[in-house]
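So the chains spell out like this:
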Amino acid sequence: MTDLFERSCAHWSEAKRREMEDFYALATADYRHLAEAFDWRAWLERRQREVGERWLRLLDIACGSGKFPAALIRHADVAAASVKPIDYALLDPSGFSIREARRALDLPFVAGPEYEIPLQELSCAAGGFDIVWATHALYALPREELDLSLARFTEALRGGCGMIAHACSDAHYVRFHQAYLEAFKDGVGATFTTAEEIVAALERLGVDVEATDLHYETVASEAAEGHVEGFLQRCVFDDAVGLQDLLAREPTARYLSACFSAGAWRFPQRVKLIFLRA
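The structure presented is a predicted model; accordingly, all values stated were derived computationally and were not measured.

Definitions and cut-offs
Residues numbered from 1 in each chain as written. Predicted model: local features only at pLDDT ≥ 70, side-chain atom pairs only at ≥ 80, totals over all residues. Heavy atoms only, no water. Buried < 20%, exposed > 50% of the residue type's maximum accessible area, 1.4 Å probe, protein only. Helix = DSSP H or I, 4+ residues; strand = E, 2+ residues; numbered from the N terminus. Arc of directions from axis to C-beta. Contact = heavy atoms within 4.5 Å. Phe/Tyr/Trp six-rings, centres within 6.5 Å; stacked < 30°, edge-to-face > 60°. Lys NZ or Arg CZ within 6 Å of the ring centre and 35° of its normal. Axes fitted to C-alpha atoms, helices over the stretch in contact; angles between N-to-C directions. Parallel < 35°, antiparallel > 145°, perpendicular 65-115°, else oblique. Left-handed = near helix turned anticlockwise from the far one by under 90°. Nonpolar A, V, L, I, M, F, W, Y, C, P; charged D, E, K, R; others polar. Core = buried A, V, L, I, M, F, W, Y, C linked by side-chain atoms within 4.5 Å.

Undergrad: I would appreciate a short explanation of helix H1 (residues 3-10) in the present structure.
TA: Side chains that are three or four residues apart share a direction in an α-helix, a result of its 3.6 residues per turn. Buried within H1 we find Leu-4, Phe-5, Arg-7 and Ser-8. Each buried residue of H1 sits inside an arc of 165° when the element is viewed along its axis, so together they form one side. On its buried face, H1 sits against helix H7 (172-184) and helix H9 (225-236).

Undergrad: Please explain the packing of aromatic side chains as it appears in this structure.
TA: Remark: the centre distance and the inter-plane angle together describe each pair of aromatic rings, the angle taken between the planes. The final tally for this structure, using the stated rule, is 24 aromatic pairs. For the pair Tyr-88 and Trp-133, a centre-to-centre distance of 6.3 Å together with 65° between the ring planes defines the contact as edge-to-face. One end of the pair, Tyr-88, is in strand E2 (residues 86-91); the other, Trp-133, is in strand E4 (residues 131-135), and 45 residues separate them in sequence. Tyr-88 gets classed as buried once you look at its relative accessible area, which sits at 0%. Ring plane angle 40° and centroid distance 5.8 Å describe the contact between Phe-176 and Tyr-255, whose orientation is recorded as tilted. One end of the pair, Phe-176, is in helix H7; the other, Tyr-255, is in helix H11 (residues 252-258), and 79 residues separate them in sequence. According to the relative accessible area criterion, Phe-176 is buried, its value standing at 0%. An aromatic cluster of at least three residues, connected via ring pairs, comprises Phe-23, Tyr-24, Tyr-139, Tyr-173, Phe-192, Phe-231, Phe-237, Phe-260, Trp-265 and Phe-267. Sitting above the plane of the Tyr-24 ring, Lys-67 keeps its charged end 4.8 Å from the centroid.

Undergrad: I keep staring at the packing of helix H6 (residues 146-156) against helix H8 (residues 195-204) and nothing clicks. Help me out?
TA: Packed helix pairs are specified by the crossing angle of their axes together with the interaxial distance, meaning the distance between the axes. Remark: H6 packs on H8, axes separated minimally by 10 Å, with the N-to-C direction vectors making an angle of 65°. In terms of their interaxial angle, H6 and H8 are classed as roughly perpendicular. Considering the relative orientation of H6 and H8, their crossing is right-handed. Contacts between H6 and H8 involve Leu-146, Asp-147, Leu-150 and Thr-154 from the former and Glu-197, Ile-198, Ala-201, Leu-202 and Arg-204 from the latter.

Undergrad: Can you help me understand the side chain of Ser-149 in this one?
TA: Its location among the elements puts Ser-149 in helix H6. With residues up to four places along the chain from it excluded, the contact list for Ser-149 reads Leu-119, Gln-120 and Leu-141.

Undergrad: It is not clear to me how the packing of helix H2 (residues 17-36) against H9 should be interpreted in this structure. Could you clarify?
TA: Across the interface, H2 lies against H9 with an axial gap of 7 Å and an inter-helix angle of 100°. Between H2 and H9, the angle falls in the class roughly perpendicular. Only Gly-226, His-227, Val-228, Gly-230, Phe-231, Arg-234 and Cys-235 of H9 make contact with H2, whose side of the interface consists of Glu-19, Met-20, Asp-22, Phe-23, Ala-25, Leu-26 and Ala-27. When its residues are assigned to classes, the contact of H2 with H9 shows eight nonpolar, three polar and three charged.

Undergrad: Explain the nonpolar core here, please?
TA: Most often, soluble globular proteins have nonpolar side chains that are buried together. By size, the foremost hydrophobic cluster in this structure holds 67 residues, and its most contacted members are Trp-40 and Trp-133. No other element matches the eight residues that H2 contributes to this core. Those residues in contact with Trp-133, other than ones at most four positions away along the chain, are Trp-43, Leu-58, Leu-59, Asp-60, Ile-61, Phe-68, Leu-72, Tyr-88, Phe-109, Phe-153 and Met-163.

See the structure below:
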């Protein structure tokens, strides 16, 4: 495993809860934008019709804190969908994340099996799930394991539908992490996996892909400096580097300067919404 993967896992723990809450003070908007960008209620109803009278089986890859299903309930009216309860399996290398995500679930999602493993170690029957999704979840995947990981992803949904939401190469998450490596690590270290690389890997696997781009900004006022610092620290999985450190060294200083104007922080995002059939 890469240092990036290990640092990302370390940040999903009870000891890092404060930093996680600072991060989500801004990053919860990612899931609201996803929830509002597509008719998820109708999509889930179509999946229900495909399987008939039984419950849908869904696997959430790198489930984090359950922000996406919570956003679907709050912003996409999925609680009113004409579906039976959805058996919602949780996969994450962090047991802490699985517990957090389980607590966040509400109808139509019902907590199901748990897999406290990274995606690349998933072993289940082909077509074990009707839906597999991963939302802002695959940034720290080691590149040498990307094809294997996505093969496990697609095998799990054989005959079903998959969805991946992930930042593109010019989005804040990817660009800021690269600037951090240049400023504090002499440019050495694994960079975040991009949406473009995920699409390319799926195509190498012969998977049919449909993708659209979502454009938005993650916004915070100047007064929310503590949340902004926590957000940026979690973006690079390094809580030893504070906001003033980031503003004092290039190229993070130049990057952040471009993100601040008129008393507000605006971090530009371009997220690819990828649907796939396997």
